[in-house]
Number of protein chains: 2
Amino acid sequence: MTNWTKIDQTVKRWIQEAGTNIRASFTSSLTIQAKSNPNDLVTNVDQETERFFIENIRSEFPEHRILGEEGQGDRVQSLDGVIWIIDPIDGTMNFVHQQRNFAVSIGIYENGIGQLGYIYDIVHDELYHARKGHGAWMNDTPLPKLEKAPVETAILGISATWLINNRHFNQEKLVQLAKDVRGTRSYGSAALELAYVASGRLDGYITMRNAPWDFAGGKMIVEEAGGIVSTIDGGEIDMLSVNPVFAAAPGLHQDILKKYLT
Amino acid sequence: MTNWTKIDQTVKRWIQEAGTNIRASFTSSLTIQAKSNPNDLVTNVDQETERFFIENIRSEFPEHRILGEEGQGDRVQSLDGVIWIIDPIDGTMNFVHQQRNFAVSIGIYENGIGQLGYIYDIVHDELYHARKGHGAWMNDTPLPKLEKAPVETAILGISATWLINNRHFNQEKLVQLAKDVRGTRSYGSAALELAYVASGRLDGYITMRNAPWDFAGGKMIVEEAGGIVSTIDGGEIDMLSVNPVFAAAPGLHQDILKKYLT
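These figures come from a predicted structure and were not determined experimentally. (Residues numbered from 1 in each chain as written. Chains lettered and ligands numbered in written order. Predicted model: local features only at pLDDT ≥ 70, side-chain atom pairs only at ≥ 80, totals over all residues. Heavy atoms only, no water.)

Regarding the domain arrangement of chain A
All names here are of chain A.
Turning to step 1, where the next piece is worked out: When its domains are assigned, chain A resolves into domain 1 (4-142) and domain 2 (151-261).
Turning to step 2, where the next piece is worked out: Averaged C-alpha coordinates put domain 1 and domain 2 at centres separated by 21 Å.
Turning to step 3, where the next piece is worked out: Across the contact, 37 residues belong to domain 1 and 23 residues belong to domain 2.
Turning to step 4, where the next piece is worked out: For the pair domain 1 and domain 2, the summed buried area comes to about 2200 Å², and 66% of that belongs to carbon and sulfur atoms. (Domains from an automatic or database assignment. Contact = heavy atoms within 4.5 Å. Buried area = accessible area lost by both parts, 1.4 Å probe.)

And the structure:
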């Protein structure tokens, strides 16, 4: 049987260590390579951080598989067994331009079921974490269960992209939603925006294209805080593919789905 | 002659004191009153902080006038003499929902000319400040002079509102700009977004409706960092009215004006 307590303690230690290294990199100059898309910057720190996790996981838990953004993990084509889904730095553009608004994201799934989730906002030293059935936490503070929020007072995380250039979904419906909520925000890090939903800083978050490493940690944490995470039309998220992701407080999730998304 | 060094030292002391009080309020429960518009929340902390500054200014600099968001200052109808333009908490909705992404903003103008500017990001303990002719600073670190940035690699601060529901300006032009830049962000605090332009975390910021207390501090700081602040069509900002505000790095400001805004 998988010893989740041991894994949880081990991940937390590794995350703190990765955070220390990433913080130290702020003073050294970064080597930035443009990936195929200039929106998708990658730094040496990204790759080193992923390698750090992969080497540790392979040594400590050799039977587990790893799906990582930087592509140094395994070719994962089924959800069997224990899978670590890792984004070493979610929000790389922010990391490079701002030295804030980025996070380490890790989700650990067993046979497709989320067991552990972590989002570490390094600059704020805020570790959001969750364990299946044990609730969600920010550092040592349990996150209160999310409460029903009406659309008119909601603050919604959504990138302007999906309101002006959306080839994946009915743009008009999203625009109407953005007009009806109290305010929108956009931080440029899916992991952080999911952590903000879990902690009530945002009431909801919508994105059209998220990869598993963007949402694997956050999905666990939002769900354990009492929120709901689905595809844009309320379907189940596929943990091995790019998905549209819609996370929100309960009640609000249902209202938005019914009035705007279906 | 006005002793700007003395004023500068005094403001910095007051801002630190206000920051300490605001931080302390996080643990006490907030009394929130809805203003006429539910987007415009106001808390007792806002009003107390404004009162704190007003009482201090009146006692220390009785000949100066005060223009403040919470309306406890003077009726200022000309720019003659020394005027303090104060937003005790810019980003009140963030303050209430997030306990971050808000700032104290102060600009001090003499006969319409900016002399001192302050934006204090309390949670990060980052005081952005500038004095005319002396450059811009973040705490004790001088901000490097902003460099020319091309549109394609720029990160632009802009609220989704101006891209989907803009009655003040040609929406199509702004949408094209938002499509052409590398990314957009929206934080919900004009003061912070201007501080981010000054420090290079954003390359530009556009808003259609800003009151003097939203931009008085930030305009000074961006300009002293080498950036340009104008109305949306490149005109001069009126320090006594609501303005559309466009702040950007040099070069980028000119390019965006020419290609998208005029």
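Here we look at the packing of aromatic side chains
Any aromatic ring pair is given by two values, namely how distant the centres are and how the planes are angled relative to each other.
Turning to step 1, where the next piece is worked out: Counted under the stated rule, the structure contains 13 aromatic pairs over all chains.
Turning to step 2, where the next piece is worked out: Here Trp14 of chain A and Trp84 of chain A contribute two aromatic rings whose centre-to-centre distance is 5.9 Å and whose plane-to-plane angle is 40°, an arrangement assigned as tilted. Placement of Trp14 of chain A in helix H1 (residues 4-25) and of Trp84 of chain A in strand S4 (residues 82-90) is noted, with a sequence separation of 70 residues between them.
Turning to step 3, where the next piece is worked out: Centre to centre, the rings of Phe95 of chain B and Phe102 of chain B are 4.8 Å apart; their planes meet at 75°, and the pair counts as edge-to-face. Phe102 of chain B carries the same exposure label as Phe95 of chain B, and that label is buried.
Turning to step 4, where the next piece is worked out: Three or more aromatic residues link up through ring pairs in this structure, and these residues are Tyr187 and Tyr196 of chain A together with Tyr187 and Tyr196 of chain B. (Phe/Tyr/Trp six-rings, centres within 6.5 Å; stacked < 30°, edge-to-face > 60°. Helix = DSSP H or I, 4+ residues; strand = E, 2+ residues; numbered from the N terminus. Buried < 20%, exposed > 50% of the residue type's maximum accessible area, 1.4 Å probe, protein only.)

A closer look at the interface of chain A and chain B
Turning to step 1, where the next piece is worked out: The interface of chain A with chain B comprises 34 residues on the first partner and 34 residues on the second.
Turning to step 2, where the next piece is worked out: Taking both partners together, chain A and chain B bury about 3000 Å²; carbon and sulfur atoms supply 48% of that area.
Turning to step 3, where the next piece is worked out: Contact with chain B buries area across many residues of chain A, yet Arg100, Ile164 and Arg182 of chain A alone supply 24% of it, more than any other trio.
Turning to step 4, where the next piece is worked out: Scanning the region where chain A abuts chain B turns up 4 salt bridges.
Turning to step 5, where the next piece is worked out: Counting across the interface, chain A meets chain B through 16 residue pairs in polar contact (both at pLDDT 80 or more).
Turning to step 6, where the next piece is worked out: Residue contributions to the side of chain A that touches chain B peak at 4 residues, all from helix H3 (residues 92-98) of chain A.
Turning to step 7, where the next piece is worked out: Taken together, the residues of the side of chain A that touches chain B break down into 13 nonpolar, 13 polar and 8 charged. (Salt bridge = Lys/Arg side-chain N within 4 Å of Asp/Glu carboxyl O. Polar contact = N/O pair within 3.5 Å; in protein donor to acceptor, adjacent residues only side chain to side chain. Nonpolar A, V, L, I, M, F, W, Y, C, P; charged D, E, K, R; others polar.)

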